[in-house]
Amino acid sequence: MSALFIDDGYTQTKDIEARPGFHPAVEVVYRPALRKMQHEYAAANQALKAGDPSRIEKLEADLIEKYVVTLNGAAVEKAKAAKLHPMIRADLVDLILSFAPGAVPVEADGPNC
């Protein structure tokens with residue numbers, strides 16, 4: 001399901017495929033963030049380029065704690081978010097900030113889409 005407006009309570013679900021040798025498959029229910037968070041992420045990336053990884057680390061953990069409703073059916077606390085596999089963490093941030101699409105329904109492949 002996609003949305004034109006992101007209202008309070010709107011969520012999306014996505015199955016992140018397993019990457020053998022790295023991590024198992026993961027089901028995530030999340031709330032997409034608004035544009036403001038993309039700007040904050042860009043600013044944190046600039047700090048990273050300047051040699052300060054702490055800002056981006058904190059922002060990613062905050063995003064995951066605030067916007068991930070469940071990960072494999074369980075809530076994710078901030079302390080656990082910091083320990084997520086880097087590939088899962090990157091996938092979650094991309095989903096939350098709409099840098100990657102959520103689940104695309106089968107009907108989206110139809111000729112009228």
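Before reading further, recall that the structure is shown in the block above.
Residues numbered from 1 in each chain as written. Predicted model: local features only at pLDDT ≥ 70, side-chain atom pairs only at ≥ 80, totals over all residues. Heavy atoms only, no water.

Q: An account of the pattern of salt bridges is needed here, citing residue identities and associated values.
A: Applying the stated criterion to the full structure yields six salt bridges. Across the salt bridge formed by Lys58 and Asp62, the nearest N and O atoms sit 2.8 Å from each other. Taken together, the residues span about one helical turn, with Lys58 and Asp62 both in helix 2 (residues 54-67) at a distance of four residues. Classification of Asp62 as partly exposed rests on a relative accessible area of 22%. For Glu60, the salt bridge identified is with Arg89, shortest N-O distance 2.8 Å. Highlighted residues: Glu60 in helix 2 and Arg89 in helix 4 (residues 86-96), separated in sequence by 29 residues. The class of Arg89 is buried, set by a relative accessible area of 6%. Beyond isolated ion pairs, a larger network of salt bridges with shared partners links Glu57, Glu60 and Arg89. (Salt bridge = Lys/Arg side-chain N within 4 Å of Asp/Glu carboxyl O. Helix = DSSP H or I, 4+ residues; strand = E, 2+ residues; numbered from the N terminus. Buried < 20%, exposed > 50% of the residue type's maximum accessible area, 1.4 Å probe, protein only.)

Q: Now, about the packing of aromatic side chains: what can you tell me, with residues and values included?
A: By the definition in use, this model includes one aromatic pair. Each ring, one from Tyr41 and one from Phe99, has its centre 6.1 Å from the other, and the planes form 55 degrees; the classification is tilted. Remark: Phe99 occurs in the segment after helix 4 and Tyr41 occurs in helix 1 (residues 35-49); sequence separation between them is 58 residues. (Phe/Tyr/Trp six-rings, centres within 6.5 Å; stacked < 30°, edge-to-face > 60°.)

Q: Summarise the sheet that holds strand 2 (residues 26-30); cite the residues concerned and give the values.
A: In spatial order, the strands read 1-2-3; together these three strands make up an open sheet with antiparallel pairing. The open sheet is flanked by strand 1 (12-16) and strand 3 (68-71), the only strands paired with a single partner. The mean inter-strand angle of the sheet, taken between neighbouring strand axes irrespective of direction, is 20 degrees. Here three bridges tie strand 2 to strand 3, and the two strands are oriented antiparallel to one another. Each residue of the ladder has a partner; that of Tyr30, found in strand 3, is Val68. Packing of helix 2 onto the sheet brings it into contact with strand 2 and strand 3, and relative to strand 3 it is tilted by some 85 degrees. (Pairing = 2+ DSSP bridges. Axes fitted to C-alpha atoms, helices over the stretch in contact; angles between N-to-C directions. Contact = heavy atoms within 4.5 Å.)

Q: Explain the packing of helix 1 against helix 2 residue by residue, including any values.
A: Running from N to C, helix 1 and helix 2 point in directions that differ by 155 degrees, and their axes come no closer than 8 Å. The pairing of helix 1 with helix 2 is recorded here as roughly antiparallel in orientation. Here helix 1 contributes Met37, Glu40, Tyr41, Ala43, Ala44, Asn45, Ala47 and Leu48 to the contact with helix 2, which in turn contributes Arg55, Ile56, Leu59, Glu60, Leu63 and Tyr67. Tallied by class, the residues present in the contact of helix 1 with helix 2 amount to ten nonpolar, one polar and three charged. (Parallel < 35°, antiparallel > 145°, perpendicular 65-115°, else oblique. Nonpolar A, V, L, I, M, F, W, Y, C, P; charged D, E, K, R; others polar.)

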